[in-house]
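Each chain, written out:
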Amino acid sequence: MNPQTDEYWMRYALELAKRAWEQGEVPVGAVLVQGEKVIGEGWNRPIGQHDPTAHAEIMALRQGGKVLENYRLLDTTLYVTLEPCVMCAGAMVHGRITRLVYGAKDEKTGAAGSLLDVIGHPGMNHQIQIDCGVLAEECAGMLSDFFRMRREQKKALRQAQRTG
């Protein structure tokens, strides 16, 4: 683990997560790096794209595949602000990424050790190195702030409907 480099790329992923927030999506960002070069990036877009697979990680992996002209994303590291779900974890295994670095744990749907461990399952045909907790407080804080804002918006809407 290289703390300086990992923090640099996680900050990049956090900037991408802000794009998701601005679009009304759950703020998760992901950046796929090979060497010192970005080959894929993404942020959550399932609502706007009407696509349940449009998670930040999937968007970054798709772009990386196009850049490399190969579905095998060898010698890459994926930085993501939130622990991946089952779908995203499976895509990482199939894509053969080398390393996953994520910020906040996801106790409800995390598939890199919190709820399930898809990535670390011994039966998988590809093993991915996992480093977690990079800028975890900032990553978790952004998600908490987003969902707090969402709850306040819903509460205000209910109150407006009652008084209107």
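Residues numbered from 1 in each chain as written. Predicted model: local features only at pLDDT ≥ 70, side-chain atom pairs only at ≥ 80, totals over all residues. Heavy atoms only, no water.

Caption draft 1: Region of interest: the UniProt feature "domain: CMP/dCMP-type deaminase" (unreviewed entry) in the protein. Taken from the UniProt record, the annotation "domain: CMP/dCMP-type deaminase" (unreviewed entry) applies to residues 4-115. Helix makes up 41% of residues 4-115 and strand makes up 22%, while its end C-alpha atoms are separated by 29 Å. (UniProt positions renumbered as here; feature names shortened; annotations may be inferred. Helix = DSSP H or I, 4+ residues; strand = E, 2+ residues; numbered from the N terminus.)

Caption draft 2: View of the pairing of strand 2 (residues 37-43). For strand 2, the tally of buried residues reaches five of seven residues, placing the bulk of the element in the interior. Two strands pair when backbone bridges link them, and strand 1 (residues 29-34) and strand 2 are joined in this way by six bridges, in the antiparallel orientation. When the sheet's bridge partners are listed, L32 is paired in strand 2 with G40. The hairpin turn running from strand 1 into strand 2, its antiparallel successor, is two residues long, and G35 in that turn takes a positive phi close to 65°. (Buried < 20%, exposed > 50% of the residue type's maximum accessible area, 1.4 Å probe, protein only. Pairing = 2+ DSSP bridges.)

Caption draft 3: Just the pattern of salt bridges, in detail. In this structure the tally under the stated criterion is seven salt bridges. Across the pair D6 and R99 runs a salt bridge whose closest N-O atoms are separated by 2.7 Å. Of this pair, D6 sits in helix 1 (residues 3-22) while R99 is found in strand 4 (residues 99-104), placing the two residues 93 residues apart along the sequence. With a relative accessible area of 1%, D6 lands in the buried category. (Salt bridge = Lys/Arg side-chain N within 4 Å of Asp/Glu carboxyl O.)

Caption draft 4: Structural context of the environment of W9. Among the secondary structure elements, W9 is positioned in helix 1. Taking the C-alpha atoms as reference, W9 lies 20 Å from V26; in sequence the two are 17 residues apart. Apart from residues lying up to four places away in sequence, W9 is in contact with V31, V33, E36, V38 and Y79. (Contact = heavy atoms within 4.5 Å.)

Caption draft 5: Representation of helix 5 (residues 136-163). With 28 residues, helix 5 should reach 40 Å at 1.5 Å per residue; the first-to-last C-alpha distance of 41 Å fits that figure. Where helix 5 is concerned, the buried positions are C139, M142, L143 and F146. (Expected span 1.5 Å × (residues − 1).)

Caption draft 6: Inspection of the packing of helix 3 (residues 56-68) against helix 4 (residues 86-95) at higher detail. Direction vectors running N to C along helix 3 and helix 4 enclose 25°, while the axes themselves pass 9 Å from each other. Judged by the angle between their axes, helix 3 and helix 4 are roughly parallel. The chirality of how helix 3 crosses helix 4 is left-handed. Facing helix 3, whose interface residues are E57, I58 and L61, helix 4 presents M87, C88, A91 and M92. Classifying every residue of the contact of helix 3 with helix 4 by side-chain character gives six nonpolar, no polar and one charged. (Axes fitted to C-alpha atoms, helices over the stretch in contact; angles between N-to-C directions. Parallel < 35°, antiparallel > 145°, perpendicular 65-115°, else oblique. Left-handed = near helix turned anticlockwise from the far one by under 90°. Nonpolar A, V, L, I, M, F, W, Y, C, P; charged D, E, K, R; others polar.)

Caption draft 7: Molecular detail of the side chain of E57. Of note, E57 is situated in helix 3. Of the side chains with opposite charge, R62 lies nearest to the buried E57, which makes no salt bridge, at 11 Å. Not counting the four nearest positions on each side in its chain, E57 is found in contact with A30, L78, V80, L82, P84, C88 and M92. (Lys, Arg positive; Asp, Glu negative; His and termini not counted.)

Caption draft 8: Representation of helix 4. Within helix 4, the full set of buried residues consists of C88, A89, G90, M92, V93 and G95. For helix 4, the elements touching its buried residues are helix 3, strand 3 (77-82) and strand 4. Looking at the residues trailing helix 4, positive phi occurs at R96, about 60°.

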